[in-house]
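Chain by chain, the residues:
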Amino acid sequence: MLREACRVVKRGRGILIPVSDSFRDVAVEAALQAGAFLRSRFGARHDISYKGSPTNLVTEMDRGAETIILDAIHARFPGHAVLAEESGARSGTEPYRWIVDPLDGTTNFLHGIPHFAISIGLQREGTLIAGVIYNPANEELYTAERGKGTFLNDQRLRVAGRRKLNECVIGCGLPHLGRGDLELSRIELTEIQERVAGLRRFGAASLDFAFVAAGRLDGYWERNLQPWDIAAGQIILREAGGIVSGIAGDDDPLKTGNVICGNEFVHAELVKILKPLGK
Ligand code: IPD
Ligand code: CA
Ligand code: CA
């Protein structure tokens, strides 16, 4: 149906780019364009500067990718608001807001680790209605629209069905130099580690959500994230049948910056363990 409604352009390894004014399609087009830009300079040397702390890196690639994405969005939807990691907030005249991380996993990108992504979420009056996450290194494109499910390229996704934590592989974030939450993180790791089949720290929050949506990870938790790390992942996870909340179990990760997700059983188990350890 999508193909009938719009012009379709074929690019890269068989990825179809529908050119239309649908929100999802505009986000896909923006992500693929920015992804081609990032891929073209992956493995090259980059101009690094620091935002506030010695580990909060930004490069010309983060800024360049953001410009590509915002130009693509504003060309179609000039009245929409934006919250983007590198350029901040821009107000709009319509009830839509795009939340953009142009390069999630900058540290991986700079170290030649092919695990980084573009993350684009869209809210209407504060409710997430679409999300796109794209890893240009392996051309995995995750998309979701409210009520229409989540897809990895053209394959429908569903979260894994495991119910016992001792069978689960769980993703997490790890605070590093310049972050103040090391002690709590150690306590959380100790508690989770001894209950699960495996722990993973991949280094791109958006892809952690996407991996839970794809059933590759059974669950994921992380603290102190930003809205652009979370927005697209949240709808991609929910549309794949997953549950996502803050550490309290019923709070909004976009407000708290803290995230727990998984299927309903894994989510509940993680909340039971993590909630008493700290807000
Ligand atoms: C980072 C990644 C990482 C998470 C950090 C984020 P960035 O995003 O998502 O996995 O642990 O908290 O800041 O800075 O590479 O866009
Ligand atoms: Ca990020
Ligand atoms: Ca980023």
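Residues numbered from 1 in each chain as written. Chains lettered and ligands numbered in written order. Predicted model: local features only at pLDDT ≥ 70, side-chain atom pairs only at ≥ 80, totals over all residues. Heavy atoms only, no water.

1. Observations concerning the overall build of the protein
Scanning the protein for helices and strands turns up nine helices and 17 strands. The C-alpha atoms of the protein give 18 Å as radius of gyration, which agrees with the globular expectation for 279 residues (19 Å, within 12%). If you line up the protein on its principal axes, its C-alpha atoms span 50 × 40 × 35 Å. A burial count over the protein gives 53% of its 279 residues as buried. Across the protein, contacts joining residues at least 24 apart in sequence account for 57% of those joining residues at least 6 apart. With an accessible surface of roughly 12,700 Å², the protein has 49% of that area assigned to carbon and sulfur atoms. Here the protein contributes 34 positively and 35 negatively charged side chains, and the mean placements of these two sets differ by 3 Å. (Helix = DSSP H or I, 4+ residues; strand = E, 2+ residues; numbered from the N terminus. Rg over C-alpha atoms; globule rule 2.2 N^0.38 Å. Buried < 20%, exposed > 50% of the residue type's maximum accessible area, 1.4 Å probe, protein only. Contact = heavy atoms within 4.5 Å. Areas by Shrake-Rupley, 256 points an atom, 1.4 Å probe, with all protein chains shown as cover. Lys, Arg positive; Asp, Glu negative; His and termini not counted. Charge placed at Lys NZ, Arg CZ, Asp CG, Glu CD.)

2. Digging into the packing of helix H5 (residues 182-193) against helix H9 (residues 264-274)
At a closest axis distance of 10 Å, the pairing of H5 and H9 adopts a crossing angle of 130 degrees. Comparing their axes, H9 and H5 come out oblique. Between H5 and H9 the crossing geometry is right-handed. Facing H5, whose interface residues are Glu188, Glu191 and Ile192, H9 presents Leu270, Ile273 and Leu274. (Axes fitted to C-alpha atoms, helices over the stretch in contact; angles between N-to-C directions. Parallel < 35°, antiparallel > 145°, perpendicular 65-115°, else oblique. Left-handed = near helix turned anticlockwise from the far one by under 90°.)

3. Description of the domain arrangement of the protein
Split by domain assignment, the protein resolves into domain 1 (2-156) and domain 2 (165-278). Each side of the interface is counted separately: domain 1 has 35 residues, and domain 2 has 24 residues. With both sides pooled, the region where domain 1 packs onto domain 2 buries about 2,300 Å², and carbon together with sulfur makes up 68% of that total. Counting the contacts that link domain 1 with domain 2 gives one salt bridge. Glu140 is paired through a salt bridge with Arg216; the nearest N and O atoms lie 2.9 Å apart. Remark: the boundary between domain 1 and domain 2 carries 10 residue pairs in polar contact (both at pLDDT 80 or more). Residue assignment for the side of domain 1 that touches domain 2 shows that the elements contributing at least two residues are strand E5 (81-84), strand E7 (96-104), strand E8 (117-124), strand E9 (127-135), strand E10 (140-145) and strand E11 (149-152). (Domains from an automatic or database assignment. Buried area = accessible area lost by both parts, 1.4 Å probe. Salt bridge = Lys/Arg side-chain N within 4 Å of Asp/Glu carboxyl O. Polar contact = N/O pair within 3.5 Å; in protein donor to acceptor, adjacent residues only side chain to side chain.)

4. Structural notes on the pattern of salt bridges
Following the criterion strictly, the structure yields 11 salt bridges and no others. Two residues, Arg76 and Glu29, come together in a salt bridge whose shortest N-O distance is 3.0 Å. On the criterion of sequence distance, the pair formed by Arg76 in helix H3 (residues 60-76) and Glu29 in helix H2 (residues 23-40) is long-range, its members being 47 residues apart. With relative accessibility at 27%, the residue Arg76 sits in the partly exposed group. The exposure class of Glu29 is buried, given its relative accessible area of 13%. For Arg124, the salt bridge goes to Glu125, with nearest N and O atoms at 3.5 Å. The exposure class assigned to Arg124 is partly exposed, which follows from its relative accessible area of 35%. Residue classification places Glu125 among the exposed residues on the basis of a relative accessible area of 60%.

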